Amino acid sequence: MHIVADENIPLLNEFFADFGDITLVEGRSMTAADLAGADILLVRSVTRVDAQLLAGSQVKFVGTATIGTDHIDRAYLEEAGIGFKSAPGCNAQAVVDYVLSALSVLVDERGIGFTDVTVGIVGVGSVGWLLRRRLEEMGVTVLATDPFKNPDEVGELVSLDEVLGADVVTLHTPLTRDGEHPTWHLIDEQRLAQMKPDASLINAGRGAVVDNAALLAHMQKNRDFEAILDVWENEPELDLQLMQRCLLATPHIAGYSLDGKMRGTEYVYQGLCEFFGLPVRRKLAQFLPEPGVKRVNFSDQVPVYQALRTAIRACYEIRVDDGVMRTAMKRSDNLKATFDQMRKNYPLRRDIPTLRVGVPAKCHDLHEALSAAGFDVRTK
């Protein structure tokens, strides 16, 4: 069989070489001509997969190594009898790490602790649910809303209006334009006005869930309102004025941990094996390298809030990505290409559970707080 794949999907040879030849293509510029002779198509979120791309091809299976599927015309695939597999939850931990790092910056800026803020979560899918669990175990007050979820499965749910009253509102929804609850421009001028004038908005989901023009106007009128954006309307092009006004700005890399990306490849591999009735011979554990930072140790003198902040940033320091993006965009004469290059060349990053944290046996509060955040805590 012949496989055409986005060049940014990791471990392609390790997982898929046994299926046949692999041709690597730049995902954003992929065309129908690239699929000549292809039996299998593997993509990420930058490739729109629909009749325009696939009509006339011999593709039998499509896999996307991403949680989101709004770039896939699922109805067309089903109608055409083409197999499909996505990777739900593959990078949920990475996005949670991103939000925790962002929150660590916010609480530092305000001179408070994690438990001094109320966090509103919009969308309680794999990312939102894991984030809620982590925050609540850390003692943070959480308000959550999702019209498609059952409170018996994800915990108490409140209205969007109530969530918008939180100190920090973080968005984890797909991008939809139709149906009873569309999310396109869900956060618009009216809903921004419902938020506290000194609130913080985090978007690590889909760019157009927020009306970016309305957000910029809102921040210009409310100087204490802050935004942390990983996703943007019209990306890879984006509004530089909005980027400059954000507290933190990153190039759609919240879910870009090595673990998350590799896990996405594994999920698609498993789906492909199931579709073709083949045995699963490869497992992610065979290929994951050791973490760059393997262990952090704390003494009994460290305050809990300081240990949390230090451990979170040892795994992921959001301010580094923010600085890299601002510098690159400021110097760029091609914003679109620069944005994509930052994603393509994103450095190695591991998930919080890969970091082993040593704490003194008598520091029960410290052990509890770090465990709640997801770290592998060991007493010493």
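Predicted model only: the values in this text are computed from it and were never measured.

Rules and cut-offs
Residues numbered from 1 in each chain as written. Predicted model: local features only at pLDDT ≥ 70, side-chain atom pairs only at ≥ 80, totals over all residues. Heavy atoms only, no water. Phe/Tyr/Trp six-rings, centres within 6.5 Å; stacked < 30°, edge-to-face > 60°. Buried < 20%, exposed > 50% of the residue type's maximum accessible area, 1.4 Å probe, protein only. Lys NZ or Arg CZ within 6 Å of the ring centre and 35° of its normal. Helix = DSSP H or I, 4+ residues; strand = E, 2+ residues; numbered from the N terminus. Expected span 1.5 Å × (residues − 1). Arc of directions from axis to C-beta. Contact = heavy atoms within 4.5 Å. Salt bridge = Lys/Arg side-chain N within 4 Å of Asp/Glu carboxyl O. Polar contact = N/O pair within 3.5 Å; in protein donor to acceptor, adjacent residues only side chain to side chain. UniProt positions renumbered as here; feature names shortened; annotations may be inferred. Core = buried A, V, L, I, M, F, W, Y, C linked by side-chain atoms within 4.5 Å. Pairing = 2+ DSSP bridges.

J.: What am I meant to see in the packing of aromatic side chains here?
T.: Aromatic ring pairs: the centre-centre distance and the angle between the two ring planes describe each pair. If you walk through the whole model with that rule in mind, you get 10 aromatic pairs. Where Phe275 meets Phe276, the ring centres are 5.0 Å apart and the plane angle is 90°; that geometry is what we call edge-to-face. Residue class for Phe276 comes out partly exposed when judged on its relative accessible area of 25%. Across the ring face of Tyr316, the terminal group of Arg349 is positioned such that the distance to the ring centre comes to 4.0 Å.

J.: Whenever I open this one, helix α11 (residues 258-276) confuses me. Can you help?
T.: Every α-helical turn comprises 3.6 residues, leaving residues that sit three or four positions apart pointing alike. Look at α11: 27 Å from first C-alpha to last across 19 residues, which is about the 27 Å you get at 1.5 Å a residue. Where α11 terminates, the next one or two residues include Gly277, which has phi positive at roughly 65°.

J.: What is the right way to look at helix α15 (residues 364-372) in this model?
T.: Here α15 has its buried residues at Leu366, Ala369, Leu370 and Ala372. When α15 is viewed along its axis, its buried side chains cluster within an angular range of 160° and face the same direction. Pointing more than 90 degrees away from the buried face of α15 are the exposed residues His364 and Glu368. In the core, the buried residues of α15 are packed alongside α5 (126-137), α12 (304-315), β13 (356-359) and β14 (376-379). Residue Gly374 follows α15 closely and has a positive phi angle near 110°.

J.: How should the pattern of salt bridges be read in this particular structure?
T.: Between side chains of opposite charge, pairing is possible as soon as their charged atoms come close. In the structure shown here, the tally under the stated rule is 19 salt bridges. In this structure, Asp18 engages Arg282 in a salt bridge whose closest nitrogen and oxygen atoms are separated by 2.7 Å. One end of the pair, Asp18, is in the loop between α1 (12-16) and β2 (21-25); the other, Arg282, is in the loop between α11 and β12 (295-297), and 264 residues separate them in sequence. Overlapping salt bridges, with partners in common, bring together Asp108, Arg309 and Arg313 in one network.

J.: What exactly am I supposed to notice about the side chain of Arg350 here?
T.: By the element assignment, Arg350 lies in the loop between α14 (335-344) and β13. At 2.8 Å, the side chain of Arg350 and the side chain of Asp259 are in polar contact. With residues up to four places along the chain from it excluded, the contact list for Arg350 reads Asp97, Leu258, Asp259, Leu288, Pro289, Glu290, Pro291 and Cys315.

J.: In this structure, what is going on with the UniProt feature "active site" (unreviewed entry) in the protein chain? I would like to understand it.
T.: Taking the numbering used here, the UniProt-annotated feature "active site" (unreviewed entry) corresponds to Arg206, Glu235 and His252. Judged by maximum C-alpha separation, these annotated positions cover 47 residues in sequence but sit close together in space, the widest gap being only 10.1 Å. Secondary-structure assignment places Arg206 in the loop between β9 (200-203) and α9 (212-221). A relative accessible area of 16% means that Arg206 is categorised as buried. Apart from residues lying up to four places away in sequence, Arg206 is in contact with Ser45, Gly68, Asp70, Thr173, Pro174, Leu175, Val231 and His252. Its place among the elements puts His252 in the loop between β11 (248-249) and α11.

J.: Is there a simple way to think about unusual backbone geometry in this case?
T.: Backbone phi values are negative for most residues with the exception of glycine, while trans is the configuration of most peptide bonds. Residue Pro236 follows Glu235 across a cis peptide bond; omega there is 20°. Here Pro236 shows up in the loop between β10 (226-229) and α10 (240-245). Backbone geometry at His185 places phi at a positive 55°, although glycine is not the residue there. You can see His185 is positioned in the loop between β8 (168-171) and α8 (189-194). According to the relative accessible area criterion, His185 is buried, its value standing at 16%.

J.: What is the right way to read the nonpolar core from this model?
T.: Nonpolar side chains tend toward joint burial in soluble globular proteins. Judged by nonpolar contacts, the single largest core of 56 residues is most densely connected at Tyr98, Phe298, Leu370 and Phe375. Counting residues per element, this core draws most heavily on helix α4 (residues 92-110), at 11 residues. The contact partners of Phe375, leaving out residues within four places of it in the chain, are Ala311, Ile312, Cys315, Ile352, Leu355, Val357 and Leu370. Counting 33 residues, the second largest nonpolar core, distinct from the first, contains Val158, Leu171, Leu192 and Cys246.

J.: Would you explain the sheet that holds β8 in this entry?
T.: Picture the strands of a sheet paired through backbone hydrogen bonds; they go either parallel or antiparallel. Spatially, β7-β6-β8-β9-β10-β11 is the arrangement adopted by the 6 strands of the open sheet, whose pairing is parallel. Pairing within the sheet leaves two strands with one partner each, and these edge strands are β7 (141-145) and β11. As paired elements, β10 and β11 share 2 bridges and run parallel to each other. Within β11, the residue paired with Leu229 across the bridge is Ala249.

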